[in-house]
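A closer look at the structure
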Amino acid sequence: MARRLLLWALAAAAPSATALVAPRPRVVARPATSLPPPPPRRPSLAVTERRRPLVQAKPIAAAEKYTLYDSRWAHLFMLSFLAFVSDWVCFATAANPGAFSSATGRDPAEIIDLFLLCNVASCFLFTDIAKAFGLQRVMVAASVLMTAGCFLRSGIDPSHLPSYDMIRLGTALVGFSQPFFQCSPPLLSATWFGQRERATATATALNANQLGIAAAFVVGGLVVGDDASKLPSYFLDISAASLVACALTCVFFRSRPPTPPTASAQRAVEKSEAPPEDEPTFLGLRYPRLLVDLLQVEGFNPSLGAFVCSIGVTNVISAFAAEALQRAECPPAELAVVGAAFQVAIVLGGVLVGGYVDETRTFKRTTLVCLMVATACVTSLGLAEGFDQHFPNFVVVGVLLLLGGFIGPVQPINAELAVEVAYPADENAIEATQQLSGNLASALLVPLYQFLAGVDVTFVPSDAPHGPLGLSKAAGGFARAVTAAGRPDVTTITLIDPEFLDVERAFDMRGDDILLLLLLVGTIGFFSRADFDLRRSAVDDAS
């Protein structure tokens, strides 16, 4: 029944996206000092008669105003849908790792790590492939590749799963295709959306993958649960969703609107239609050289650091959310709902905060506020999830949702900030660098986070007995023990509290929470010292 409802919902979404394709242009006044129109498009780029509904607008040369097409929302929906499915695949078993282990005899964390590593490898190629073939062709090809990977994972028989090697191959294909969905939002926003819409559009597309993780918790947690026999049909449902997304993309997706929505978009059109320039390459690829140039742009590295911090925190928490909630004594019936709500909080936070940044252009201040609130939330969760702490369940859930609402927006805000400071650099290269760095960091954080989950760090008052380096004499420094409550084998480290804490009684935190705290605090320190020049906005404002 659940599978029928899912397929019905996906099928219902298709006509709504199709309805948006017929454009009802909205216009934005173009100042008298606007840039001259670009030369007419080359015949090879002309739109055929069959696609006439997409181009009912005046050519650039005849237009007196910038035009915003309603079909931009259809393109945002299609890109978001593809990102949604790709992360649903990655975290398909996050809510029910026991079912996957029972069916395959393997740890599902291995699949997540494989997915992220393939994602990183693909990021190196994305910029050059998108430059060579155009956004429309690469989106179509990537959607086909993702669909093929999904069916390799699920097979076509709902009664049993394919072999583990086939699941690995399918996962690798989906992981390789995902950067084409995750690296494209800033380019799509710059190409289709107005100046005051770009951060919101980027946030929507970038955070749509969090809804895919939410689907993994809702469908995987509530429908599959720990019943391994339901995994084949569950994976087949994901394949069906991928097929719908692929069909929409193949039929309706376009590289750009008939006329540009902003002055910076118009300049991008002119540049793309100019004779190609000779650019330095490395092993035939433009991206390595572009990467070196980007890392030298003032303000780019701090925005990259904030992006990596956001994606790293959300990925590791998503991967181990079910385990963490179980430790916090969250009832099994609520695990799936709370896990999904965390992802929805990320999306809503991204859209709301992104809209605020669109209006105020306060990239730095907003990012710092989000990071500081996230740090406070992780500190609270660290105390609540400590092996020796007992916080009410509603406190843990509330803080987790607050964390999602504030750490999620950091990613899309800094995706836009990077494009602003590096303008007129290639948006594809910028987002590829961020996704490559973020997913590589996530791939390294997942096993480290998993290992440190078994480390319990106890802080004791400074007047307690302690030996060299602050190691407690009572605990013998490092010790392995099983508590009387029967907790699993845990590595215990007891330290005197830092002077700024000045605690009166001992408290403990888990090693994985301390890892996230160090990441957040380091990012705040690095980001707060940077200055950012919003070059792209300056071009749009001047025109």
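Residues numbered from 1 in each chain as written. Predicted model: local features only at pLDDT ≥ 70, side-chain atom pairs only at ≥ 80, totals over all residues. Heavy atoms only, no water.

Structural notes on the overall build of the protein
What counts, and what does not: Secondary structure elements are taken from DSSP: a helix is a run of H or I of four residues or more, a strand is a run of E of two residues or more, and numbering for both begins at the N terminus. Using a 1.4 Å probe on the protein chains alone, a residue whose accessible area is under 20% of its type maximum counts as buried, one over 50% counts as exposed, and one in between counts as partly exposed. Residues are treated as being in contact if the distance between any of their heavy atoms lies within 4.5 Å. Using a 1.4 Å probe, the Shrake-Rupley method yields the accessible areas, and only the shown protein chains count as cover for residues.
A count of helices and strands for the protein gives 21 helices and 6 strands. Expressed as a percentage of the 543 residues in the protein, the buried residues total 55%. Contacts in the protein between residues at least 24 apart in sequence constitute 86% of all its contacts with a sequence separation of at least 6. Here the protein displays about 22,800 Å² of accessible surface, and carbon together with sulfur accounts for 65% of that area.

What about empty space enclosed by the protein?
The condition is simple: Within this scheme a cavity is a closed region of a 1 Å grid, computed over the protein atoms alone, that accommodates a 1.4 Å probe without allowing it to escape, whereas a pocket is open but has protein on both sides within 12 Å along at least five of seven lines; lining residues each have an atom within 4 Å of a point. Grid points are joined across faces, edges and corners, and a volume is the space filled by probe spheres set on the points. Residue classes follow a fixed rule: Ala, Val, Leu, Ile, Met, Phe, Trp, Tyr, Cys and Pro count as nonpolar, while Asp, Glu, Lys and Arg count as charged, and any other residue, Gly among them, counts as polar.
Evaluation of the coordinates by the stated rule reveals 6 cavities of 30 Å³ or more. There is about 60 Å³ of room inside the second largest cavity. If you go around the second largest cavity, the residues you meet are Asp 87, Phe 91, Leu 116, Gln 178, Gln 182, Asn 209, Gln 210, Ile 311, Asn 315 and Asn 439. For the lining of the second largest cavity, the secondary-structure elements that each account for two or more residues are helix H9 (198–224) and helix H13 (300–319). Residues that form the lining of the second largest cavity fall into these classes: 3 nonpolar, 6 polar and 1 charged.

A short note on the packing of aromatic side chains
We count it as follows: For this analysis, a ring pair means two rings from Phe, Tyr or Trp (six-membered ring only for Trp) whose centres lie within 6.5 Å, classed as stacked if their planes differ by under 30 degrees, edge-to-face if by over 60, and tilted for the remaining angles.
Under the counting rule described, the total for this entry stands at 9 aromatic pairs. Aromatic side chains Phe 124 and Tyr 287 sit 6.1 Å apart centroid to centroid with 80° between the ring planes, which places their arrangement in the edge-to-face category. Residue Phe 124 is found in helix H4 (residues 108–133), and its partner Tyr 287 is found in helix H12 (residues 287–295); the two are separated by 163 residues along the sequence. On the accessibility criterion, Tyr 287 (0% relative accessible area) is buried. Measuring from ring centre to ring centre gives 5.9 Å for Tyr 234 and Phe 235, while their planes differ by 50°; the resulting arrangement is tilted. There is no split in this pair, since Tyr 234 and Phe 235 are both buried.

Describing the packing of helix H8 (residues 185–192) against helix H19 (residues 427–452)
What counts, and what does not: Note on definitions: angles span 0 to 180 degrees between N-to-C directions of axes, and those axes are lines fitted to C-alpha atoms, for helices only across the stretch in contact. When describing relative orientation, an angle under 35 degrees is termed roughly parallel and one over 145 degrees roughly antiparallel, while 65 to 115 degrees is termed roughly perpendicular and anything else oblique.
Where H8 contacts H19, the axes come no closer than 8 Å and their chain directions differ by 150°. Between H8 and H19, the interaxial angle falls into the category roughly antiparallel. Taken together, the residues of H19 that come into contact with H8 (itself represented by Pro 186, Leu 187 and Ala 190) are Glu 427, Asn 428 and Glu 431. Here the residues of the contact of H8 with H19 are counted per class, giving 3 nonpolar, 1 polar and 2 charged.

Brief notes about helix H18 (residues 410–422)
The following threshold applies: Take the number of residues in a helix, subtract one, and multiply by 1.5 Å to get its expected span.
Taking 1.5 Å of rise per residue, the 13 residues of H18 would be expected to cover 18 Å, and the 18 Å separating its terminal C-alpha atoms lies within 8% of that figure. Where burial is concerned, most of H18 is hidden: 13 out of the 13 residues are buried.

Details of unusual backbone geometry
Cis rather than trans, the peptide bond between Tyr 423 and Pro 424 has omega equal to 10°. Position of Pro 424 relative to the elements: it lies in the loop between H18 and H19. Even without being a glycine, Arg 361 presents a positive backbone phi close to 60°. Note on placement: Arg 361 falls in the loop between helix H15 (332–360) and helix H16 (363–384). Look at Arg 361 and you get buried, because its relative accessible area is 17%.

Description of a nonpolar patch on the surface
The line we're drawing: Patch membership requires more than 30% relative accessible area and the absence of a salt bridge. Residues of like charge join within 9 Å; the nonpolar side chains Val, Leu, Ile, Met, Phe, Trp and Tyr join within 5 Å. Criterion for a salt bridge: a side-chain nitrogen of Lys or Arg within 4 Å of a carboxyl oxygen of Asp or Glu.
Among the surface-exposed residues, Leu 211, Val 344, Leu 348 and Leu 352 lie close enough to one another that they form a single nonpolar patch of about 360 Å² accessible area. If one sorts the elements of the nonpolar patch by residue count, H15 sits on top with 3 residues. Of note, Leu 348 is situated in helix H15.

Quick look at the confidence of the model for the protein
Low pLDDT means the predicted atomic positions in that stretch should not be read closely. Selection criterion: Predictor confidence is given residue by residue as pLDDT, running from a minimum of 0 to a maximum of 100.
For the protein, the average pLDDT comes to 77, and 72% of its residues sit at 70 or higher. The spread of mean pLDDT over the elements of the protein runs between strand E4 (residues 478–481), the lowest at 35, and helix H5 (residues 135–154), the highest at 94.

Quick word on the pattern of salt bridges
Summed over all chains, the structure comprises 9 salt bridges. The closest approach of N and O atoms between Glu 416 and Arg 536, which form a salt bridge, is 2.6 Å. One end of the pair, Glu 416, is in helix H18; the other, Arg 536, is in helix H21 (residues 535–542), with 120 residues separating them in the sequence. Considered together, Glu 416 and Arg 536 belong to a single accessibility category, that of buried residues. Three or more residues are tied together by salt bridges with common partners; here these are Asp 358, Arg 361, Glu 416, Glu 420 and Arg 536.

Thoughts on the environment of Ser 318
Along the chain, the position of Ser 318 falls in helix H13. Since its relative accessible area comes to 0%, Ser 318 is described here as buried. It is 7.6 Å that separates the C-alpha atoms of Ser 318 and Gly 339, two residues lying 21 residues apart in sequence. Aside from chain neighbours lying at most four places away, what touches Ser 318 is Phe 91, Ala 94, Gln 210, Ile 213, Phe 217, Phe 342 and Gln 343.

A look at H12
Note the cut-off: It is the directions from the helix axis to the C-beta atoms whose arc is reported.
Every buried residue of H12 is listed here: Tyr 287, Leu 290 and Leu 294. Along H12, the residues classed as buried sweep out an arc of 60° about the axis, all on the same side. Here the buried face of H12 lies against H4, H13, H18 and H19.

A word on the nonpolar core
Here is the rule we go by: The term nonpolar core refers to a set of buried residues drawn from Ala, Val, Leu, Ile, Met, Phe, Trp, Tyr and Cys, joined through side-chain atoms within 4.5 Å.
Trp 88, Phe 181 and Tyr 234 are the most contacted members of the largest nonpolar core, which has 122 residues in total. When residues of this core are assigned to their parent elements, the largest contribution, 11 residues, is made by helix H2 (residues 71–90). Apart from residues no more than four positions distant in its own chain, Tyr 234 is found in contact with Trp 88, Ala 92, Ala 216, Val 219, Gly 220 and Val 224.

A closer look at the side chain of Gln 435
Considering the arrangement of structural elements, one finds Gln 435 in helix H19. Among the residues examined, Gln 435 registers a relative accessible area of 0% and is labelled buried. Not counting the four nearest positions on each side in its chain, Gln 435 is found in contact with Asn 119, Cys 123, Gln 182, Cys 183, Leu 206, Phe 307, Ile 311 and Gln 411.

Some details on the environment of Val 219
Tracing the backbone through its elements, the reader meets Val 219 in helix H9. Of the residues examined, Val 219 reaches a relative accessible area of 15% and is grouped as buried. For the pair Val 219 and Ala 95, spaced 124 residues apart in sequence, the C-alpha separation works out to 9.0 Å.

Thoughts on the environment of Arg 106
Relative to the helices and strands, Arg 106 resides in the loop between helix H3 (97–104) and H4. Owing to a relative accessible area of 35%, Arg 106 belongs among the partly exposed residues under this scheme. Sequence spacing of Arg 106 and Tyr 164 is 58 residues, and the spatial spacing of their C-alpha atoms is 8.6 Å. Among all residues touching Arg 106, those that are not within four sequence positions of it are Phe 100, Ser 101 and Tyr 164.

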